[in-house]
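Per-entry structural report
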Amino acid sequence: MRRSPRDSMDSYRRVSRRGLILGGMQLGFAGLLGLRMRYMQVDQADQFRLLAEENRVNIRLIPPARGQIFDRNGAVIAENAPSYRITMVREDAGNVEEVIARLSALVELDEDELNRALAEMERSAPFLPITIADRVGWDDISRVAVNAPALPGVTPEVGLSRHYPMGDDFAHVAGYVGPVSERDLARYADPEPVLRIPRFQIGKVGVEAKYEEMLRGRAGAKRVEVNAVGRVMRELDRREGEAGADLQLTVDNGLQNYIKARLGTESASVVVMDVTDGDLLAISSSPSYDPNKFVRGISFDDYAVLRDNDRRPLASKTVQDAYPPGSTFKMVTVLAALDAGVISPEETVWCPGYMEVGGRRFHCWKGGGHGHMDLEKSLRESCDVYYYDLALKVGIEKITDTALRLGLGMSHDIPMSAVTEGLTPTKAWKERERGSSWVIGDTVNASIGQGFVLTSPLQLAVMTARLATGRAVTPRLIKSVEGRTSPSHSGENLGFNENHLRWIRKAMFAVSNNRRGTAYRTRIAEDAFRMAGKTGTSQVRNITAAERARGVTSNDDLPWNRRDHGLFVAFAPYDAPKIAVSVVVEHGGGSSAATPIARDVALQALYGRDPPLDAYPKKDRGRIKTQQERLARERRAPDGEESSRA
């Protein structure tokens, strides 16, 4: 059936209307789309550009170079040494076990370190590099580089790692660094992002820990372009970090090294202090340990050897341990009595070998007694009864007050770990801490540095420096930070009567230079460097009445850990004091173990080198010559080279 022209015209109009409607709708949609695109590309351009940039560019931290530590003369104590390492990216390696097998044929891999690396690899993203071997040699790095095509995902790298070139000489002073642990992070309310970098190192003990924030520096940053899965494609730009501050210590490397060799295997400590400004010229604990073993994490076996050693190489004995000071405390007691006006230097006390106090007999070390003792004789021969008598006259409160003024019973502010306060007891202290009342016997014991009294070798050196100068000298370990010198610690006048101090110094001089002095055999023969000192023996066991009746057992016949500690303190030269020295030899059997060490150390400090033989008494010169030759062989320069310091 044929359609009429009219029908065709109507159909055409209907189609045209539909087209117009559809076209209008399309045009409207296109207009809305255009407006939306304009809104996103123009009005919101900055916001979306930032979002796109964040998806494409990552900011990554660059660990800062750690500040170095030097001795007083510029010798390096802690440095950042180039460290070669081998890393692996799991994603690029493919078959990790196969690649490690090939790597093991080229480089000797530590099993414990490899197991740690594999565990870290499992926890980390597949595109992150994990250290497989650290601190490897250049030959190993070269072999890996040459065989790179056969080791997919393996990369030889160079970085910085902490290194202690002096080995165990400064372990207890500088301390060491180690990888950040969860315990370390818990100490910070808001840890810096750099602390979360895998295997980032921070100070654990000693100066490294106390000056951590200064030494650490500030991290840098780099912008890297990454792909959709986060793999780095290229580095866009870099902002280097700020290196940590360099520190200079007051300690003299040569003297510290000499002391370490001189102490040998003794469980002992030595402090040498400049009495003019408080500088610690040496502060040494023996035995020591190699801090380099801790930098990357010490093995269980190595740590067990240190932990189980009965001479406690991990302990900083100079500041951490507190000992009964024994007779080195007698200067405190006599100064308290002089200051209180209860005795004069010429006044004498009769010593029959003991004193009865409160129904108890307190013995002098000399069983037969010393006879009549005045101030000088009592210190020179170390009579105990003289000080028992003073204690009854002056009382514990005055003794403790004097001890505090001389630097005992307080924690001196130096950047070493676990610095002890020691103990200068009072009646209130005993009531509070022991729940019992003070008795007169406690005062008698305290007068000779026994009983509750405890002091560290550092505190004994401070006490000696204050007696030598009459000033409140305080110890200083940091000489400068970034070249800025730290203030001197010479201190103000203590306010003691100078005449009283002169009497005590004169008596200390007699200890070392009078034929009846307890340290006469280890005197300094050189007139310009003669020292004034005081011996001390502190008991570590009780002597029963039965043992005393049959004869006190000799220290030589006792097990090592039951022998008395030996102590000695001194300042020199006597006429113009420059240094104070304190020595404690654990279980040394008495002061005779400490006095020759103190004499040798004092001479080494005063001469700045091995002293001439005529600085020693004639009878000792042959032995001293042999000793100097032996120590010259034993002393080593950094990293095992022969020393030229001697």
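This one's a predicted model, so the numbers in the text were calculated from it and none came from an experiment.

The next point concerns helix α20 (residues 440-447). Most of α20 sits out of view: 6 of its 8 residues are buried. Taken together, the buried positions of α20 are occupied by Gly 441, Asp 442, Thr 443, Val 444, Ala 446 and Ser 447. If you follow the buried residues of α20, they end up packed against α15 (330-340), β14 (354-357), β15 (360-363), α17 (385-394), α18 (396-405) and α19 (427-434). Gly 449 sits one or two residues past α20 and shows a positive phi near 75°.

In the structure shown here, the tally under the stated rule is 35 salt bridges. Arg 516 is paired through a salt bridge with Glu 381; the nearest N and O atoms lie 3.8 Å apart. Here the residue Arg 516 occupies a position in the loop between α22 (498-513) and β19 (532-538), and Glu 381 occupies one in helix α16 (residues 375-381), the gap between them amounting to 135 residues. Measuring nitrogen to oxygen at the nearest pair gives 2.7 Å for the salt bridge that ties Glu 498 to Arg 505. Since its relative accessible area comes to 32%, Glu 498 is described here as partly exposed. If you follow the salt bridges from partner to partner, you end up with Arg 66, Arg 162, Glu 192, Glu 208, Glu 212 and Arg 216 in one network.

Of all 7 residues in strand β12 (residues 280-286), 7 are buried, a share of seventy percent or more. As paired elements, strand β11 (residues 268-274) and β12 share 6 bridges and run antiparallel to each other. The residue of β12 that forms the bridge with Ser 269 is Ser 285. If you look at the hairpin formed by β11 and β12, you'll find 5 residues sitting between the two strands, and Gly 278 has a positive phi there, around 85°.

Taken in spatial order, the 5 strands of this open sheet run β12-β11-β21-β20-β19, and their pairing is antiparallel. This sheet does not close on itself; its edge strands, each paired only once, are β12 and β19. Taking each pair of neighbouring strands and ignoring which way they run, the sheet shows an average axis angle of 5°. Looking at chain direction, β19 and strand β20 (residues 565-572) are connected through 7 bridges and run antiparallel. Directly across from Thr 535, in β20, lies its bridge partner Phe 568. Its contacts with the sheet put α22 on β19 and β20, and the angle it makes with β19 is roughly 75°.

Right, let's talk about the nonpolar core for a bit. Note that soluble globular proteins tend to have their nonpolar side chains buried in a common cluster. Counting 55 residues, the largest nonpolar core has Tyr 386 and Met 463 as the members making the most contacts within it. Within the second largest apolar cluster, 39 residues are counted, among which are Leu 215, Val 295, Ala 461 and Val 473.

That bond from Ser 286 to Pro 287 is cis: its omega, -5°, falls within 30 degrees of zero. For Pro 287, the location among the structural elements is in the loop between β12 and α12 (292-295). Here the amide bond leading from Ala 572 into Pro 573 is cis, since omega sits at -15°, within 30 degrees of zero. Along the polypeptide, Pro 573 turns up in the loop between β20 and β21 (579-585). Of note, Ser 382 is a non-glycine position whose phi angle comes to about 60°, a positive value. Tracing the sequence through the fold places Ser 382 in the loop between α16 and α17. Notably, Glu 482 is not glycine yet its phi reads approximately 55°, a positive angle. Residue placement: Glu 482 occurs in the loop between β17 (478-481) and β18 (484-485).

Rules behind the numbers
- Residues numbered from 1 in each chain as written.
- Predicted model: local features only at pLDDT ≥ 70, side-chain atom pairs only at ≥ 80, totals over all residues.
- Heavy atoms only, no water.
- Buried < 20%, exposed > 50% of the residue type's maximum accessible area, 1.4 Å probe, protein only.
- Helix = DSSP H or I, 4+ residues; strand = E, 2+ residues; numbered from the N terminus.
- Contact = heavy atoms within 4.5 Å.
- Salt bridge = Lys/Arg side-chain N within 4 Å of Asp/Glu carboxyl O.
- Pairing = 2+ DSSP bridges.
- Axes fitted to C-alpha atoms, helices over the stretch in contact; angles between N-to-C directions.
- Core = buried A, V, L, I, M, F, W, Y, C linked by side-chain atoms within 4.5 Å.

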